[in-house]
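What follows is each chain in one-letter form.
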Amino acid sequence: MSAPTLPPALAGRFTVSPVVPEDADAILGLVSACDLAVLGFVDYTLEDVQEDTGPTATGEPRQQGLARDSAGQVVAWWWTGPRPDSARLPVDLYVHPGLDEPDGDVIAAVAWAQVTAWGRERYAGWSGEVPLLDTGSVQGDTVHERRLAAAGFEQVRTFWRMSGEVPPSPRPAPPVPGLVVRTVRFDDEDDTRLVHRLKEESFAEHWGTEPEAYEAFMGRWRGSAGFDPSLWFVAELNGEPAAVMLASRRMANEDALYIQSLGTLAPARRRGVASALLHHAYEVARGEGYARVRLGVDSDNPTGAPGVYRRAGLETIFAMHAWHKSLT
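In what follows, the accompanying structure is described. Note that this is a predicted model, so its numbers are computed, not measured.

1. What about the pattern of salt bridges?
- Enumeration according to the criterion identifies 25 salt bridges in this entry.
- For R193, the salt bridge identified is with E189, shortest N-O distance 2.7 Å. With a gap of four residues between them, R193 and E189 both fall in helix α6 (residues 189-202), about one helical turn apart.
- Residue R193 is classed as partly exposed on the basis of its relative accessible area, which comes to 36%.

Dropping the structure here:
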């Protein structure tokens, strides 16, 4: 698909082009400016940029574009993150906060129109559930939210980023009879398949969850920013697998161990397993030299996870809203 056409009023001052690997540093500068304007700190790294601009795990093209001003500075970036057999197409758009708002509005409209066209092209002939674009906003970013609404997105859910300081000295683990927490044997396919099963089953009733094949799951995680298999853990209760915790170094620049996924099988819930895994995460973080532990959670999580996390010393540091746009 060709590059979108800018209105005449902008065409002489901005250009639109595809993304190439050499753009990574400029994209990081753009996203950092957006984070600082809303959060006051940078929640993104060069490794994140490389993940979001690089090839997908399946090799499917990742459609994306850039807008530059007359000085060559990147002022907007939009991208897609296709996943096999998924009706949800992850997408995102960043517009530099220093850009004049009317110009930013027009560039955002052009970018969202192209993303929507990409999505409709990808799902042509799709026979599954209604496909949609899936994006997000940080609470307080009213300009971005206004542009999302103008592009036809609807806010559908709220998630919290939570953070807890690592205690200065070790603390006793919660007493859970029969519980053992061990590191995943990543060179053993039976063990990684167990991890996949635990994640699929423990999140089956969560909002927005879609089944994911083992190969796609492993490919996606291997290519994710901060991936480190030594930070994958399984909890066993009386010798039976009960829960999984997948942590990473994705937030090392924020001096934090990031828990990307923590799920407990339904029969093992309300028995202290998740609390024990969080305690283990704090101990791992201390051993790795991190000052804090962070994670994200659905504010309406049906398992009561936010309460478990608060009791473990994690507090909400900002909220993120999920937005969807139907491609029908």
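Next, the rest of the story.
2. Quick look at the pairing of strand β2 (residues 64-69)
- The element β2 is extensively covered by neighbouring structure, given that six of its six residues are classed as buried.
- Examined bridge by bridge, strand β1 (residues 14-17) and β2 share four bridges and lie antiparallel to one another. Bridging across to β2, V16 finds its partner in A67.
- With five bridges connecting them, β2 and strand β3 (residues 74-80) associate as antiparallel partners. When the bridges of β3 are listed, L66 appears paired with W77.
- Counted between consecutive antiparallel strands, the loop separating β2 from β3 contains four residues, among which G72 sits at a positive phi close to 90°.

3. Considerations on the sheet that holds β1
- Overall, mixed pairing links the twelve strands, which are arranged β1-β2-β3-β4-β5-β12-β6-β11-β10-β9-β8-β7 in an open sheet. A single partner strand is all that each edge strand has here, and the edge strands are β1 and β7 (179-183). Here the strands of the sheet are splayed against their neighbours by 25° on average, with no regard to which way each runs.
- Here five bridges tie β3 to strand β4 (residues 88-95), and the two strands are oriented antiparallel to one another. Residue pairing in the sheet places W79 in a bridge with D92 of β4.
- Relative to strand β8 (residues 232-237), helix α7 (residues 214-222) is tilted by about 130°, and along the sheet it contacts β8, β9 (240-248) and β10 (256-264).

4. Focus on helix α8 (residues 273-288)
- Across its 16 residues, α8 extends 22 Å between first and last C-alpha, which sits within 8% of the 22 Å expected from 1.5 Å per residue.
- Considered for burial, the residues of α8 that qualify are V273, A274, A276, L277, L278, H279, A281, Y282, V284 and A285.
- The positive-phi residue at the C-terminal boundary of α8 is G289, with phi of around 85°.

5. Focus on the environment of R88
- Following the sequence through the fold, R88 ends up in strand β4.
- Along the chain, R88 and L327 lie 239 residues apart, while their C-alpha atoms are 9.8 Å from each other.
- Leaving out residues up to four positions away in the same chain, R88 has contacts with Y123, L132, D134, G208, T209, E210 and H324.
- At 2.2 Å, the side chain of R88 and the backbone oxygen of G208 are in polar contact.

Analysis parameters
Residues numbered from 1 in each chain as written. Predicted model: local features only at pLDDT ≥ 70, side-chain atom pairs only at ≥ 80, totals over all residues. Heavy atoms only, no water. Salt bridge = Lys/Arg side-chain N within 4 Å of Asp/Glu carboxyl O. Helix = DSSP H or I, 4+ residues; strand = E, 2+ residues; numbered from the N terminus. Buried < 20%, exposed > 50% of the residue type's maximum accessible area, 1.4 Å probe, protein only. Pairing = 2+ DSSP bridges. Axes fitted to C-alpha atoms, helices over the stretch in contact; angles between N-to-C directions. Contact = heavy atoms within 4.5 Å. Expected span 1.5 Å × (residues − 1). Polar contact = N/O pair within 3.5 Å; in protein donor to acceptor, adjacent residues only side chain to side chain.

Function-wise, these values are silent; they only describe arrangement.
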